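# A structural walkthrough
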Amino acid sequence: MAEPASARRASEPRSLQHYDGAAEAAVLSAITLSPAALDAVRDVVETHDFFNSQHRQLFEAVLELDGAGRTVDVVTLLHHLTTTGKLAQIGGSAFLYAIMDATPSVANVAEHARIIRKLALLRRVGATLHDLAAQARAIETRADVPGFIEKCEAEIFAANAMGSDRETGRELAEVMAR
C-alpha cells in the first residue's frame, strides 16, 4: 500500500499543511483525563490524522496502552513511553505534562477530533492534488490522457477513504461544499 499522502509532509507546499495544534493537544489531554474520551474519538481520528509528530506518537502510545487493556492516564502513559524508549522522542515528560494542561474539560473532545479529521482530509487531498498536478505536467501523461484522468479520480477518492471505512466521497463532498 502506498504511503499516506499526509505522511509526505516535507515535500508539501506550506499552504497544504493545514492543522490545529490546539485541537490535537486538547484531544490528547482529554483522553488522559477520561477513559470515555478515547471512546468518543476512536472512530473519528486515526494516528496518521495528527499533523504534529509528537502528538501522533503520543496518540499511538495511547492506542498501544488501550490495546493491551491498560488504563490510559498520565502516569501509565509516562511509564509506557519511558519503558518503550519513546519519551525523549515526544519531547520528554515536560511535553507530556504540557499536553495535560491543554484542556480543562473533556466535554468537546468529539468536536476537537472532528477538527483534526477534517484538516487531515484537507492535507491528504491537497497532497494528492499536488502530486497529480506534477504528473499532469509530465510528458509521459500525454500517452494515455483518459487513463490519467481515471487515475486522478481514483487517487482523490482514495485520499478521502484512506484508513477509514467511511462512505467513499461523502466526506470529501462535505468539505468541498464548505
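## A few points about the packing of helix α1 (residues 21-33) against helix α3 (residues 53-67)
Where α1 meets α3, the axes come as close as 11 Å, and the angle between the chain directions of the two elements is 20°. Here α1 is positioned roughly parallel relative to α3, judged by the angle of their axes. In the packing of α1 onto α3, the handedness of the crossing is left-handed. Touching G21, E24, A25, L28 and I31 of α1 are H55, L58, F59 and V62, all from α3. Tallied by class, residues from the contact of α1 with α3 come to 6 nonpolar, 2 polar and 1 charged.

## Points about the nonpolar core
In this structure, I31, V41 and L58 are the most contacted members of the largest nonpolar core, which totals 30 residues. Examining the composition of this core, we find that 6 residues originate from one element, α1, more than from any other. If sequence neighbours within four positions are ignored, I31 has contacts with A37, L38, V41, F59, V62 and V72.

## Focus on the side chain of H80
Along the chain, the position of H80 falls in helix α4 (residues 74-83). Note on H80: relative accessible area 11%, which makes it buried. Here E64 takes part through its side chain, which lies 2.6 Å from a polar atom of the side chain of H80.

## Some remarks on the pattern of salt bridges
Summed over the entire model, instances satisfying the criterion amount to 8 salt bridges. Among the salt bridges present, the one from K86 reaches E64, with a minimum N-O distance of 3.1 Å. Residue K86 is found in the loop between α4 and α5 (87-90), and its partner E64 is found in helix α3; the two are separated by 22 residues along the sequence.

## Here's the deal with the confidence of the model for the protein
Looking at the protein as a whole, the pLDDT averages 84, with 81% of positions reaching at least 70. Taken together, the stretch residues 1-8 has pLDDT below 50 and engages in 13 contacts with residues farther than four places along the chain or on a different chain.

Thresholds applied
- Residues numbered from 1 in each chain as written.
- Predicted model: local features only at pLDDT ≥ 70, side-chain atom pairs only at ≥ 80, totals over all residues.
- Heavy atoms only, no water.
- Axes fitted to C-alpha atoms, helices over the stretch in contact; angles between N-to-C directions.
- Helix = DSSP H or I, 4+ residues; strand = E, 2+ residues; numbered from the N terminus.
- Parallel < 35°, antiparallel > 145°, perpendicular 65-115°, else oblique.
- Left-handed = near helix turned anticlockwise from the far one by under 90°.
- Contact = heavy atoms within 4.5 Å.
- Nonpolar A, V, L, I, M, F, W, Y, C, P; charged D, E, K, R; others polar.
- Core = buried A, V, L, I, M, F, W, Y, C linked by side-chain atoms within 4.5 Å.
- Buried < 20%, exposed > 50% of the residue type's maximum accessible area, 1.4 Å probe, protein only.
- Polar contact = N/O pair within 3.5 Å; in protein donor to acceptor, adjacent residues only side chain to side chain.
- Salt bridge = Lys/Arg side-chain N within 4 Å of Asp/Glu carboxyl O.
- pLDDT = per-residue confidence, 0-100.

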